[in-house]
Amino acid sequence: MRDVRGGREMLRRLVPHIASAADTDAPSREGWLSVALTFPGLRALGVPEAALAGFPEPFREGMAARADLLGMTGDSAPERWEAPLGTSDVHVMLTVISPPGPPHARLLEQAVRAGEGPGAVEMIHRQDAFMLPTEREQFGFRDGIANPAVEGAGAPIRDPYETPLKAGEFVLGHPDENGLLPPMPGPDILGRNGSYVAFLKLHQRVAEFRRYVRDRATDRDSPERLAAKMVGRWSSGAPLELAPDADDPVLGADPERRDAFGYGTDHRGLRCPAGSHIRRSNPRDAFADELIGTNRLHRILRRSTGYGPPLPQGVIEDDGADRGLVFIGIGAHLSRQFEFVQTQWINEGTTIGATGQKDPLIGANGGAGTFTVPQRPIRRTLSALPTFVVTRGGHYGFIPGLRALRWIADPDS
Ligand code: N7H
């Protein structure tokens, strides 16, 4: 965005295409367009400095500036990110979500036309992402299963162990789990009903992952079982807590049952290791005895999708293609939600019972990682874990409510 006027014009063109949250179930809707603004983007749109100062520090600094803290170093360091990701040139993040086919193409074109239009705004990056019909991500697992239920959102409750979270965990201007209003930039019209997004482009080393589990397989531990222990679910989506011994594709396909579990009766992690990806990123009731309710302050709404061509089944040599996952994590508190999960649970295992171990699937293990699989009579520790997921870029965005978007576009109206 090169000047304030052009940027505001662009927002005015976009606003009519953006769905209200009240309208998400409209049967006629072909898809959704949403807008998130980076901190440099808000500044380029002429949002007053006093209002900018009201945004929380992680957002003001931006993800790239916090990469060290977030463990994005080495191959994942911002110097190696795909341009222009992570730079202050990125001002507006437009997301178009719709089923594949003509409606998607139509909506995308509409968004690009409204986004660029005549004026001083230029599209500098585009990332196509998709959900395969199998709902599997690149490592071969069903994704998009577990998400927190939110009070008042009306979505079905899949996890009976977690009562719906207060709206203020995800939307500014509403009470959160602490009974407080999340810190919000002023004036009220700017902050209210807004939210934050952590966007990440994550490259997945699929061939390396397949080779790793194949090379460590034994009579007892098939590659599929080792991979499931690392994730916490079988590839079908069936959770280890409910299907500890073998995959159960019927369970994995059942939205009513596949998320209905806790870890309360599996303290030792004999079914699902404490260090597995899903148990560490949402320990559910695992430490309810010690820190009642704490987990509720670290929940993230995820809307991730894959990108790039899937590596064909059975291939274990890298073909050089860029494939991975576009991670979208939404919440009203960047620091105690996305940043906490990333730093304390994914990169640091102490508080979740995996001391000295990073996430086996997405942690920056760099060839030196270990992962403990508790089992009887003796636990197994996998070693020399490489890095399977590399950050290719990331940004924090502010998702303004519709009234806020109109205000940013036309502050004097
Ligand atoms: Fe993860 N994967 O596909 O293997 N994730 N994730 N994630 N993740 C989950 O429950 C994956 C990433 C969470 O409530 C599943 O929907 C991959 C980041 C959380 O039980 C699978 C990447 C962060 C949950 C994957 C990746 C998280 C979760 C199980 C990167 C946060 C819910 C399916 C390439 C910082 C846990 C499901 C719960 C689940 C995968 C990234 C967090 C299969 C490949 C960066 C909170």
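The rules behind each value
- Residues numbered from 1 in each chain as written.
- Predicted model: local features only at pLDDT ≥ 70, side-chain atom pairs only at ≥ 80, totals over all residues.
- Heavy atoms only, no water.
- Helix = DSSP H or I, 4+ residues; strand = E, 2+ residues; numbered from the N terminus.
- Rg over C-alpha atoms; globule rule 2.2 N^0.38 Å.
- Buried < 20%, exposed > 50% of the residue type's maximum accessible area, 1.4 Å probe, protein only.
- Polar contact = N/O pair within 3.5 Å; in protein donor to acceptor, adjacent residues only side chain to side chain.
- Contact = heavy atoms within 4.5 Å.
- Near = heavy atom within 4 Å.
- Nonpolar A, V, L, I, M, F, W, Y, C, P; charged D, E, K, R; others polar.
- Donors = N, O, S within 2.8 Å, 3.2 Å for Na, K, Ca; no water.
- Expected span 1.5 Å × (residues − 1).
- Arc of directions from axis to C-beta.
- Core = buried A, V, L, I, M, F, W, Y, C linked by side-chain atoms within 4.5 Å.

## Here's the deal with the overall build of the protein chain
Okay, step 1: For the protein chain, the count of helices and strands is twelve helices and nine strands.
Okay, step 2: Over its C-alpha atoms the protein chain spans a radius of gyration of 21 Å, differing by no more than 12% from the 22 Å that the globule rule assigns to 413 residues.
Okay, step 3: In terms of principal-axis extent, the alpha carbons of the protein chain reach across some 70 × 50 × 40 Å.

## Here's the deal with the side chain of N282
Okay, step 1: Tracing the chain through its elements places N282 in the loop between α10 (277-281) and β4 (301-302).
Okay, step 2: Accessibility expressed as a relative area gives 7% for N282, which makes it buried.
Okay, step 3: At a separation of 2.6 Å, a polar atom in the side chain of N282 contacts the side chain of N295.
Okay, step 4: If near-sequence neighbours (up to four positions away) are discounted, N282 is found in contact with Y263, N295 and R299.

## Remarks on the site of the ligand
Okay, step 1: What surrounds the ligand is a group of 26 residues, the closest being E137, I145, H277, R284 and R302.
Okay, step 2: One of the backbone N or O atoms of A146 is found 3.2 Å from an oxygen atom in the ligand.
Okay, step 3: For the ligand, an oxygen atom lies 2.7 Å from a polar atom in the side chain of R284.
Okay, step 4: Elements supplying a minimum of two residues to the shell around the ligand: β3 (195-204), α10, β6 (324-331) and α11 (335-346).
Okay, step 5: Among the residues making up the shell around the ligand, the classes are represented as 14 nonpolar, six polar and six charged.

## Quick look at the coordination of the iron atom of the ligand
Okay, step 1: For the iron atom of the ligand, the protein contributes exactly one donor atom, H277 (NE2), at 2.1 Å.
Okay, step 2: Inspection of the secondary structure assignment puts H277 in helix α10.

## Here we look at unusual backbone geometry
Okay, step 1: In this chain, G186 is followed by P187 through a cis amide linkage whose omega measures 0°.
Okay, step 2: With respect to the element layout, P187 can be found in the loop between α5 (102-116) and α6 (188-191).
Okay, step 3: Omega for the peptide link from R376 to P377 comes to 5°, which places this bond in the cis form.
Okay, step 4: Of note in this structure, N193 is not a glycine but carries a positive phi near 70°.
Okay, step 5: Mapped onto the elements, N193 comes out in the loop between α6 and β3.
Okay, step 6: N193 gets classed as partly exposed once you look at its relative accessible area, which sits at 42%.
Okay, step 7: With a phi angle near 50°, R284 is a residue other than glycine that sits in the positive phi range.
Okay, step 8: When you line up the elements, R284 lands in the loop between α10 and β4.
Okay, step 9: Residue R284 is classed as buried on the basis of its relative accessible area of 12%.

## So, α5
Working note: α-helix, 3.6 residues per turn, so residues spaced by three or four point in the same direction.
Okay, step 1: The end-to-end C-alpha distance of α5, which contains 15 residues, comes to 21 Å, matching closely the 21 Å that a straight helix rising 1.5 Å per residue would cover.
Okay, step 2: What α5 keeps buried is the set L107, L108, A111, A114 and G115. Angularly, the buried residues of α5 cover 135° about the axis, an arc narrow enough to put them on a single face. Looking at α5, the residues exposed on the side facing more than 90 degrees away from the buried face are P102 and R113.
Okay, step 3: Remark: G117 follows α5 within two positions and exhibits a positive phi of approximately 45°.

## A look at the nonpolar core
Okay, step 1: L11, L42, F59, M63, F338 and I408 are the most contacted members of the largest nonpolar core, which has 82 residues in total.
Okay, step 2: Sequence-distant contacts of L42, defined by excluding residues within four places in its chain, comprise L37, V47, L52, F55, F59, F398 and I408.
Okay, step 3: Membership of the second largest hydrophobic core comes to nine residues, among which are L85, V90, F199 and I328.

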